[in-house]
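Descriptive structure summary
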Amino acid sequence: MNIETVFWILGALTIGSALMVILSTHPVRSILYLILTFFMISANYILMNAQFIAIVNIIVYAGAIMVLFLFVLMMLNLSQSNEPKSPIKMIAAAVIAGGSLLVVLVAAMRDSFVSASNIVSTTNQQGLVENLGKELFTTYVLPFEISSVLFISAIVGAVVLAKREKQIID
Amino acid sequence: MMVLASVFDTISIQHYLVLSTILFVIGVFGVLTRKNAIILLMCIELMLSSVNLLLVAFSTYFGDVSGQLFVFFIMVVAAAEATVGLSILVLLYRNTRSVDVGLFNKLKG
């Protein structure tokens, strides 16, 4: 099985599970399909020799964020599907908007010229943790530190928002 | 060390451009049609993930590590966004007993 076949199978599985995320009416099924989508995207990363990002994608996205979603869903007891249907006019508008976005983006990208000058320098080592860590802690050390501030503010914001108040305003 | 064949020897970068565009459009479609706030947040995660896929594709294509580090930072932002978004959602549920995003119309006052 050559790489092109692997790509087509992976691409079809990725798009199929992403479609099931928005088409399934049951929220828990939707979350499980999204986890499947993240696994498929991780497989795409491995296909592109980005091993570290693939593992981080599984741990952070499929492991942490999606479990947080599932936890909130079960805590709020929303597992039954009582979501009101969107009006047909809204769905038609969404199909037209999404379809035109897809057509415009694909048409713009198809004719774009991507220079292929650097391809020969690609090695299978560049996605490993040693390379990424070296770059992260030298060139990108300032954004790295700022992201810790972002996390602190996110934690404080989440605690302040979700804290139960003395009186609930209806 | 095993030498892996580069994926871009056999398939072009345009394949990944189209794949991640399709994933992004699926996310946009979900945001526009679904009413459940949890699924809305999930569609936003899907859109972020499609951008990640494109960044990794170009990073591998040009042999430049920077793209993969941007993916790293996008994951950081996505985690923070999911945390704050879910706590807003819990707050909405506590006040209205529902997670229908249409209920945010009440904010108009």
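Just so we're clear, the structure is a prediction, and the values are computed from it rather than from any experiment.

**A closer look at the overall build of chain A**
A tally of helices and strands in chain A yields 6 helices and 0 strands. In sequence order, chain A lays out its α and β elements as α-α-α-α-α-α. For chain A, the residues scored as buried account for 21% of the 170 residues in total.

**Some words on the overall build of chain B**
Of regular secondary structure, chain B possesses 3 helices and 0 strands. For chain B, the α and β elements follow one another from N to C terminus as α-α-α. For chain B, the C-alpha atoms occupy an extent of roughly 60 × 25 × 25 Å along the three principal directions. Counting only residues that meet the buried cut, chain B has 51% of its 109 residues in that class.

**Observations regarding the interface of chain A and chain B**
Size of an interface, as often reported, equals the accessible area lost when the parts are brought together. Across the boundary between the two partners, chain A contributes 74 residues, which contact 65 residues of chain B. Listing elements by their share of the side of chain A that touches chain B, those giving two or more residues are helix H1 (3-23), helix H2 (27-47), helix H3 (51-75), helix H4 (88-110), helix H5 (129-138) and helix H6 (141-162) of chain A. No other element matches the 11 residues that H4(A) contributes to the side of chain A that touches chain B. Looking at the side of chain A that touches chain B residue by residue, the classes come out as 51 nonpolar, 18 polar and 5 charged.

**Looking at the nonpolar core**
Judged by nonpolar contacts, the single largest core of 63 residues is most densely connected at Ile38(B), Met42(B), Leu46(B) and Val56(B). Contributions of two or more residues to this core are made by H1, H2 and H3 of chain A together with helix H1 (13-33), helix H2 (37-62) and helix H3 (66-96) of chain B. It is H2(B) that contributes the most residues to this core, 16 residues altogether. When residues no more than four places from it in sequence are discounted, the contact partners of Met42(B) are Val21(A), Ser30(A), Ile31(A), Leu34(A) and Phe69(A).

**Examining the confidence of the model for chain A**
Looking at chain A, the pLDDT average stands at 85 and 86% of residues meet or exceed 70. In the model of chain A, H5(A) stands out as the element of lowest mean pLDDT, 88, in contrast to H2(A), which has the highest, 93.

**Describing the packing of H4(A) against H1(B)**
Axis separation between H4(A) and H1(B) bottoms out at 9 Å; the angle between their running directions is 160°. Considering their axes alone, H4(A) and H1(B) lie roughly antiparallel with respect to each other. Note on packing geometry: the crossing formed by H4(A) with H1(B) is right-handed. Contact residues: H4(A) offers Met90(A), Ile91(A), Ala94(A), Ala97(A), Gly98(A), Leu101(A), Leu102(A), Leu105(A), Val106(A), Met109(A) and Arg110(A), while H1(B) offers Gln14(B), Leu17(B), Val18(B), Thr21(B), Ile22(B), Val25(B), Val28(B), Phe29(B), Leu32(B) and Thr33(B).

**So, H3(A)**
Here H3(A) spans 34 Å end to end across 25 residues, near enough to the 36 Å set by a 1.5 Å rise per residue. At Met66(A), H3(A) shows its largest bend, some 30°. When H3(A) is considered as a whole, its buried residues turn out to be Ile53(A), Ala54(A), Val56(A), Asn57(A), Tyr61(A), Ile65(A), Phe69(A), Val72(A) and Leu73(A). Packing partners of the buried residues in H3(A) comprise H2 of chain A together with H2 and H3 of chain B. Asn77(A), located one to two residues past H3(A), shows a positive phi value of around 55°.

About the criteria used
Residues numbered from 1 in each chain as written. Chains lettered and ligands numbered in written order. Predicted model: local features only at pLDDT ≥ 70, side-chain atom pairs only at ≥ 80, totals over all residues. Helix = DSSP H or I, 4+ residues; strand = E, 2+ residues; numbered from the N terminus. Buried ≥ 20, exposed ≤ 12 C-beta atoms within 10 Å, placed from the backbone. Contact = placed C-beta atoms within 7 Å. Nonpolar A, V, L, I, M, F, W, Y, C, P; charged D, E, K, R; others polar. Core = buried A, V, L, I, M, F, W, Y, C linked by C-beta atoms within 7 Å. pLDDT = per-residue confidence, 0-100. Axes fitted to C-alpha atoms, helices over the stretch in contact; angles between N-to-C directions. Parallel < 35°, antiparallel > 145°, perpendicular 65-115°, else oblique. Left-handed = near helix turned anticlockwise from the far one by under 90°. Expected span 1.5 Å × (residues − 1). Bend = angle between axes of the 7 residues up to and from the residue.

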